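Structural description and commentary
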Amino acid sequence: LYRGVLYAGLMITDKGPEVLEFNVRFGDPETQCIIPLLKTDLLVPVNACIDGRLGNISLDWNEGSAVCVVLASGGYPGKYEKGKEIKGLEGLSSEKEIHVFHAGTVCRDGVLVTSGGRVLGVTGTGSSLKDAIENTYRAVQRIDFDGMYYRKDIGARGIHNGS
């Protein structure tokens, strides 16, 4: 009997959803835009899953939307350089609508540097999808490392579809 997380990576196509992958872990960055909206302590569903009583709990959610933008190293998903200093994170942890998830980072001699292809997941929340997008990209603009790149269209499809 399996107890745990099952993540289905889907691609929505004109023919309907298609499965890209299944994982037995939380998907990232997908989870990184869900967790900030969860009011319930994450340990509540985790412990309920372990104890086999997941069907007996309910989750409370914050109103609004969240958007996650991945900051990647130049060359990713292929060959990329490591050890690039990451600047601009100062003060972001005090902004309640911004959450920065470290993926490919390491601290060397007191300096935060890149150590992977997916470096950071920057998640912004807001009362609407438009606000969440604006908050996310405002935070992204403050961060910098050599070779950094990211998608500039995250959430746009939801705006165009009337969300």
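All of the points below concern the structure found in this document.

Conventions adopted
Residues numbered from 1 in each chain as written. Predicted model: local features only at pLDDT ≥ 70, side-chain atom pairs only at ≥ 80, totals over all residues. Heavy atoms only, no water. Helix = DSSP H or I, 4+ residues; strand = E, 2+ residues; numbered from the N terminus. Buried < 20%, exposed > 50% of the residue type's maximum accessible area, 1.4 Å probe, protein only. Areas by Shrake-Rupley, 256 points an atom, 1.4 Å probe, with all protein chains shown as cover. Salt bridge = Lys/Arg side-chain N within 4 Å of Asp/Glu carboxyl O. Contact = heavy atoms within 4.5 Å. Pairing = 2+ DSSP bridges. Axes fitted to C-alpha atoms, helices over the stretch in contact; angles between N-to-C directions. Core = buried A, V, L, I, M, F, W, Y, C linked by side-chain atoms within 4.5 Å.

1. Regarding the overall build of the protein chain
Along its length, the protein chain carries three helices and seven strands. Starting at the N terminus and ending at the C terminus, the protein chain contains elements arranged as β-β-α-β-β-β-β-β-α-α. For the protein chain, the spread of C-alpha atoms along the principal axes amounts to about 45 × 40 × 35 Å. By residue count, 35% of the 163 residues in the protein chain fall in the buried class. As displayed, the protein chain has an accessible area near 10,400 Å², and 53% of this comes from carbon and sulfur atoms.

2. Regarding the pattern of salt bridges
Evaluation of the coordinates by the stated rule reveals nine salt bridges. Residue Glu-81 is joined to Lys-84 by a salt bridge in which the shortest nitrogen-to-oxygen separation is 2.8 Å. Linking Arg-138 and Glu-97 is a salt bridge whose minimum nitrogen-to-oxygen distance equals 3.0 Å. In this pair, Arg-138 is assigned in helix α2 (residues 129-142) and Glu-97 in the loop between β3 (65-72) and β4 (98-102), connecting sequence segments 41 residues apart. Here the salt bridges do not stand alone but share partners, grouping Glu-95, Glu-97, Arg-138 and Arg-142 into one network.

3. Things to note about the environment of Leu-92
For Leu-92, the position within the fold is in the loop between β3 and β4. Leu-92 sits in the buried class, given a relative accessible area of 2%. Sequence spacing of Leu-92 and Val-122 is 30 residues, and the spatial spacing of their C-alpha atoms is 10.0 Å. Non-local contacts of Leu-92, meaning those with residues more than four positions away in its chain, are made with Ile-98, Val-100, Ala-139, Arg-142 and Ile-143.

4. Notes on the sheet that holds β3
One open sheet holds the three strands; their spatial order is β3-β7-β4, and the pairing between them is antiparallel. Strands at the two margins of the open sheet, each flanked by one partner only, are β3 and β4. In this sheet, adjacent strand axes meet at a mean angle of 20° when their direction is disregarded. Where α2 meets the sheet, its contacts fall on β3, β4 and β7 (118-126), and the angle it forms with β7 comes to roughly 140°.

5. Notes on the nonpolar core
The biggest cluster of nonpolar side chains holds 20 residues, and the ones touching the most others in it are Val-69, Leu-71, Ile-86, Leu-120, Ile-143 and Tyr-150. Counting residues per element, this core draws most heavily on α2, which supplies six residues. If sequence neighbours within four positions are ignored, Leu-71 has contacts with Gly-117, Arg-118, Val-119, Leu-120, Val-122, Val-140, Ile-143, Phe-145, Met-148, Tyr-149 and Tyr-150.

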